[in-house]
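Here's the letter readout for the chains.
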Amino acid sequence: MWSKLNIMSQTHIMHITYDMRIGGTEMVIKNIIDGLANSNENSEDLTEQGVDRTSVRQKDEQFKMSVLCIESPLGPFADELQKDGIEFFQFNRQPGFDRQLIRQIHQTIEANNVDIIHCHQYTPWVYGVIAAAFTKTKVIFTEHGRFYPDSSSWKRKLINPLLNLFTDQVTAISKATKQALIDFENIPEKSIEVVYNGIAPLSVEQNEVQELRAELGIPAEHIILGTIARFDSIKNHTMMLKAFALVLGNHANSTLIIVGDGDERPTIEKCIADLSLSENVILTGYKAQPKNYLALMDIYLLSSLSEGTSMTLLEAMSLCKPCVVTDAGGNPEIVINGENGYVTKNDDTEEFARAIIQFIENHSKHSSFSKNSERRFNKKFSREVMNTIFLRLYKKYLGSLD
């Protein structure tokens, strides 16, 4: 059945999202598209995911991939994908419930013979599933994360089960996100499959990393802690800084690198000044390609109050970094406490500091956790693992077209 469909014509999969600016959701879409263009899956242990790896290997010519953005501007990831020949459709969602947008999406689906729409995040799903209702087009909805604190409304709890009837598959990027869909959106548990985000592993040139260390003026004897995150209150940088102050009390030869920028910058700068940390904290600002900064870090930190599946956390693991994270959202599903890092109570400064100190004072544990990070990344969070699962879902629902 599957081979018959694809021999006759390409399978058209359209991703529907807000836009393609740089962010976690957008990176997932790009990785799915890039992965399907290079879809000889080589990851290990895929059978543990319930996936027959050989049965879902596809050639790129069997797929036509496109992206429909309901808002503008498109963003830099769109520029990259368009250079690779990926077609984009762009609309401008109006305030309130935009009925015209539903018609526009419906017409685009019909005119372009779309087999599957893969809707990313809640609002694109609502518009996409209504637009595709009573067409041949299959619908997959991926929830990428939740607001903090989480909430819903009686209207959404009423309508979501109805929308789910017209949706072939719901996926969530973590078990925590799945539970939120059940609790706050009234989507049946049996409809939701967890598919963890996957990325291509980072690679760096060590001479460039060492040049960066010299450029930043970090002494050779210093251990480097760090994080990469937008300056938003949900990332709880102030707790991290307070924990770092406690770390310095025991280990003065430490440097904290914080990569990012945002509205919370004045608050973060004031916290650094109040704690007298300016000689040991480096604020790099926003970096479009921060991999060398990440490679510099001996320990990766994530202090968020809420998380889905952090892409930078996955990138850190791909570079063998042990991690200290808060027990928020998908963090404890990525970092196994005592295996490839430590998971601390949310917003607990002293526990966060103690976890960092354990790494600093135990070199053998740091080494073993580093190896475990890389191993866990390859097993669960590589782009190949994610794409193999999505290929299985695409195959499953295309099979019901005939």
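We now turn to the structure provided with this report. Computed from a prediction, not measured in an experiment: that's the story for all the values here.

About the criteria used
- Per chain, residues are indexed from 1 in the order of the written sequence.
- Predicted model: local features are reported for residues with pLDDT of at least 70 only, side-chain atom pairs are reported and counted for 80 or more only, and whole-chain, interface and lining totals are derived from all residues.
- Side-chain numbers come from the whole structure's heavy atoms, not from hydrogens or water.
- Elements are defined by DSSP. Helices are runs of H or I of four residues or more, strands are runs of E of two residues or more, and each kind is numbered from the N terminus.
- Every radius of gyration here is taken over C-alpha atoms, with the globule rule written as 2.2 Å times N^0.38, N being the number of residues.
- Exposure categories follow from relative accessible area, calculated using a 1.4 Å probe and restricted to protein chains: below 20% of the type maximum is buried, above 50% is exposed, and the middle band is partly exposed.
- In this analysis, two residues are considered to be in contact whenever any of their non-hydrogen atoms come within 4.5 Å of each other.
- With residues, only the protein chains shown are counted as cover, and all accessible areas are computed by Shrake-Rupley using a 1.4 Å probe.
- By the counting scheme adopted, Arg and Lys are positive, Glu and Asp are negative, and His together with the chain ends is not counted.
- The atoms used to mark charge sites are NZ of Lys, CZ of Arg, CG of Asp and CD of Glu.
- Here, a salt bridge means any Lys or Arg side-chain nitrogen found within 4 Å of an Asp or Glu carboxyl oxygen.
- Among buried residues, the Ala, Val, Leu, Ile, Met, Phe, Trp, Tyr and Cys ones that are joined through side-chain atoms within 4.5 Å form a nonpolar core.
- Two strands form a pair only when DSSP identifies at least two bridges running between them.
- Axis definition: a line fitted to C-alpha atoms, limited for helices to the stretch in contact. Angles are taken between N-to-C directions and run from 0 to 180 degrees.

Summing up its helical and strand segments, the protein chain has 16 helices and 13 strands in all. Relative to the compact-globule value of 21 Å for 402 residues, the protein chain shows a C-alpha radius of gyration of 22 Å, a close match. Overall, the protein chain is about 65 × 45 × 40 Å in size when its C-alpha atoms are taken along their principal axes. Across the 402 residues in the protein chain, those meeting the buried criterion constitute 54%. Contacts in the protein chain between residues far apart in sequence, at least 24 positions, make up 70% of those at least 6 positions apart. Carbon and sulfur atoms provide 47% of the accessible area of the protein chain, an area that totals close to 17900 Å². In the protein chain, which carries 41 positive and 51 negative side-chain charges, the distance between the mean positions of the two groups comes to 6 Å.

Topologically, Cys 119 is positioned in strand E4 (residues 116-120). A C-alpha to C-alpha distance of 33 Å links Cys 119 and Gly 341, two positions 222 residues apart in sequence. Ignoring anything within four residues of it in the chain, the contact list for Cys 119 reads Ile 16, Pro 124, Trp 125, Gly 128, Val 139, Ile 140, Phe 141 and Thr 142.

Moving on to the pattern of salt bridges. Inspection of every chain in the model, using the stated rule, returns 16 salt bridges. For Arg 21, the salt bridge identified is with Asp 19, shortest N-O distance 2.7 Å. For Asp 150, the salt bridge is made with Arg 146, and the minimal N-O distance between the two is 3.0 Å. Each member of the salt-bridge network shares a partner with another, and the members are Glu 143, Arg 146, Asp 150, Arg 156 and Glu 185.

Let us now look at the nonpolar core. Met 20, Phe 88, Ile 257, Tyr 300 and Tyr 394 are the most contacted members of the largest nonpolar core, which totals 60 residues. It is helix H16 (residues 383-398) that contributes the most residues to this core, nine residues altogether. The residues contacting Tyr 300, other than those within four sequence positions of it, are Gly 226, Thr 227, Ile 228, Leu 294, Thr 312, Leu 313, Ala 316, Lys 321, Pro 322, Cys 323 and Val 324. Of all hydrophobic cores here, the second largest spans 29 residues; its members include Ile 268, Ala 355, Ile 356 and Ile 357.

Among the six residues that make up strand E8 (residues 223-228), six are buried, leaving the element largely enclosed by the rest of the structure. Residues Ile 223, Leu 225 and Thr 227 of E8 are buried on one face, and the alternating residues Ile 224, Gly 226 and Ile 228, pointing to the opposite face, are buried as well. The pairing of E8 with strand E9 (residues 254-259) spans six bridges and is parallel. Pairing of Gly 226 across the sheet is with Ile 257, part of E9. Where E8 lies against strand E11 (residues 299-302), two bridges are found, and the strand directions are parallel. In the strand pairing of E11, Gly 226 is matched with Tyr 300.

Here the focus is the sheet that holds strand E5 (residues 138-143). Read from one edge of the open sheet, seven strands run E3-E2-E1-E4-E5-E6-E7, paired in parallel fashion. Strands with a single pairing partner mark the edges of an open sheet, and in this sheet they are strand E3 (87-90) and strand E7 (192-194). Neighbour-to-neighbour, the strand axes of this sheet turn through a mean angle of 25°, independent of strand direction. Pairing of strand E1 (residues 11-17) with strand E2 (residues 63-69) involves seven bridges; the strand directions are parallel.

The subject of this paragraph is the environment of Asp 19. Within the secondary structure layout, Asp 19 lies in the loop between E1 and helix H2 (24-37). With relative accessibility at 3%, the residue Asp 19 sits in the buried group. Sequence spacing of Asp 19 and Pro 332 is 313 residues, and the spatial spacing of their C-alpha atoms is 29 Å. Sequence-distant contacts of Asp 19, that is, excluding residues within four places in its chain, are made with Glu 26, Cys 69, Glu 71, Pro 73 and Leu 74.

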